[in-house]
Amino acid sequence: MLAQISSLQIGSAVAKSAYDEAGATALAGMRLLFSSVIVWALVRPRLRAMASRQWRAAIALGVVFAIMNVAYFQAIRYLPIGVASTIELLGPVVLAIAMSRHWRDLAGALMALAGVLLLASPGAALPVTGLLLGALAATCRAAYVVLNRRVGLLFDDWSGLAVALAVGSCLLTPVAAVTHGAAIARHPHLLLIGLLVALLSSLIPYSLDMTALRRIDVRAFGILLAMSPAVGAGVGFVLLGEHITVRQCAAIALVIVASAWSVSSSGGKAGKADRAPTGSTESRSATPKA
């Protein structure tokens, strides 16, 4: 999880540093396009062998990929990366609250939620556009957690991820080409930046997400993501010179404490809960035999 978060935030910083030459939509489009091509070449999924419910899950995840990428990359145009990461976390946190069955789980999720809401409360002096984009990214992030876990359980390999990335790329790349194709043509080096962003922000974190979601439940995953704002704030400060206010620091601190609380109170429980599903009847029956 820590590797996933670090890679994702560094990729976001690399993308944001190129916004003066190419727009957020262009970077998001290149991110999905290059990720899709690389994963497809490595995995080479057997499309004819996929069952209908595997197709439905992978396509749904691909649609979420496209919307989530645009929403988040647009959000960091208006907000520091640490703040945008905290708002995006609202989706998984609300999901974690909905799935909590013990007061300790609920306490950790509510603490993380309090930190997120502190950023967006009156007096926070954050752009409304950035907050709305962050809220859209948060909604997509919650859907991503659920669908990524679903795809991970329906496929024994990375075929589901390959199809999902291809769907997201087919949806977003034409939009990016129409809106920012000329800028990329004038600055070909942006393609290399797009490739680097794809590796750091998509390939590495998405693969690690799917690996993690095969081992822990959705609630635990949502709370562990609470580490991302702190990592994002640090990356934004070191690579982009972004600063955050005392209020924002307090909000991020609440989220980090919630993450630590969740790990200490239910670290072992999550592992037990998910060892069964990876070998479940659903997983075996939905995956085509070699």
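This is a predicted model, so every value here is computed, not measured.

J.: Help me out: how do you make sense of the overall build of the protein in this one?
T.: When helices and strands are tallied, the protein shows 13 helices and zero strands. Across the 290 residues of the protein, 54% fall into the buried class. Sequence separation of at least 24 residues holds for 89% of the intrachain contacts in the protein that already meet a minimum separation of 6. With the model as given, the accessible surface of the protein reaches about 12300 Å², and the carbon-plus-sulfur share is 69%.

J.: So what exactly am I meant to see when it comes to a nonpolar patch on the surface here?
T.: A cluster of nonpolar residues, Ile59, Val63, Ile67, Leu136 and Leu171, forms a patch on the protein surface that exposes about 380 Å² of accessible area. In terms of residue count, the dominant contributor to the nonpolar patch is helix α3 (residues 52-78) (three residues). Structurally, the position occupied by Ile59 is in helix α3.

J.: Would you explain the environment of Ala26 in this entry?
T.: Note that Ala26 resides in helix α2 (residues 24-43). A relative accessible area of 0% means that Ala26 is categorised as buried. For the pair Ala26 and Leu172, spaced 146 residues apart in the sequence, the C-alpha separation amounts to 9.0 Å. Residues in contact with Ala26, not counting those within four places in the same chain, are Ala176, His180 and Ile184.

J.: Explain the nonpolar core to me, please; I cannot follow it from the model alone.
T.: Nonpolar side chains in soluble globular proteins tend to be buried together. Counting residues in hydrophobic clusters, the biggest one holds 77 residues, and the most contacted among them are Leu27, Phe65, Phe73, Tyr144 and Val145. With 11 residues, α3 is the largest single contributor of residues to this core. When near neighbours in sequence (up to four residues on either side) are disregarded, Leu27 contacts Ala15, Ala18, Tyr19, Ala22, Phe73, Ile193, Gly194 and Val197.

J.: Hey, could you run me through the packing of aromatic side chains in this one?
T.: According to the stated counting rule, one finds two aromatic pairs in the structure shown. Summarising the aromatic geometry, the rings of Phe65 and Tyr144 are spaced 5.8 Å apart at their centres and angled 45 degrees between planes, so their arrangement reads as tilted. Residue Phe65 is located in helix α3, and its partner Tyr144 is located in helix α7 (residues 128-154); the two are separated by 79 residues in the primary sequence. Residue class for Phe65 comes out buried when judged on its relative accessible area of 0%. Look at Tyr72 and Phe73: their rings are 6.5 Å apart centre to centre, the planes differ by 55 degrees, and that puts the pair in the tilted class.

J.: Would you mind going over the packing of helix α4 (residues 81-88) against helix α5 (residues 90-99) with me for this structure?
T.: To characterise two packed helices, one gives the angle between the axes of the helices and the distance between these axes. Where α4 meets α5, the closest approach of the two axes is 4 Å, and the angle between their N-to-C directions is 30 degrees. Accordingly, the angle class assigned to the pair α4 and α5 is roughly parallel. Across from Thr86, Ile87 and Glu88 in α4, the residues of α5 making contact are Leu90, Gly91 and Pro92. A per-class count over the contact of α4 with α5 returns three nonpolar, two polar and one charged.

J.: It is not clear to me how the environment of Gly232 should be interpreted in this structure. Could you clarify?
T.: Among the secondary structure elements, Gly232 is positioned in helix α11 (residues 228-240). A residue is classified by how much of its surface remains accessible, and Gly232, at 0% relative accessible area, is buried. When the C-alpha positions of Gly232 and Val83 are compared, they lie 8.0 Å apart, and in sequence the two are 149 residues distant.

J.: How should the pattern of salt bridges be read in this particular structure?
T.: Side-chain pairing between opposite charges can occur once the charged atoms of the two side chains come close. Throughout the structure, instances matching the rule amount to one salt bridge. Notably, a salt bridge pairs Glu242 with Lys16, separated by 2.5 Å at the nearest N-O pair. Placement of the pair is Glu242 in the loop between α11 and α12 (246-275) and Lys16 in helix α1 (residues 2-17), with a sequence separation of 226 residues. On the basis of relative accessibility, which here comes to 14%, the residue Glu242 falls in the buried class.

Reading guide: rules and limits
- Residues numbered from 1 in each chain as written.
- Predicted model: local features only at pLDDT ≥ 70, side-chain atom pairs only at ≥ 80, totals over all residues.
- Heavy atoms only, no water.
- Helix = DSSP H or I, 4+ residues; strand = E, 2+ residues; numbered from the N terminus.
- Buried < 20%, exposed > 50% of the residue type's maximum accessible area, 1.4 Å probe, protein only.
- Contact = heavy atoms within 4.5 Å.
- Areas by Shrake-Rupley, 256 points an atom, 1.4 Å probe, with all protein chains shown as cover.
- Patch = residues over 30% accessible without salt bridge, like charges linked within 9 Å, V, L, I, M, F, W, Y side chains within 5 Å.
- Salt bridge = Lys/Arg side-chain N within 4 Å of Asp/Glu carboxyl O.
- Core = buried A, V, L, I, M, F, W, Y, C linked by side-chain atoms within 4.5 Å.
- Phe/Tyr/Trp six-rings, centres within 6.5 Å; stacked < 30°, edge-to-face > 60°.
- Axes fitted to C-alpha atoms, helices over the stretch in contact; angles between N-to-C directions.
- Parallel < 35°, antiparallel > 145°, perpendicular 65-115°, else oblique.
- Nonpolar A, V, L, I, M, F, W, Y, C, P; charged D, E, K, R; others polar.

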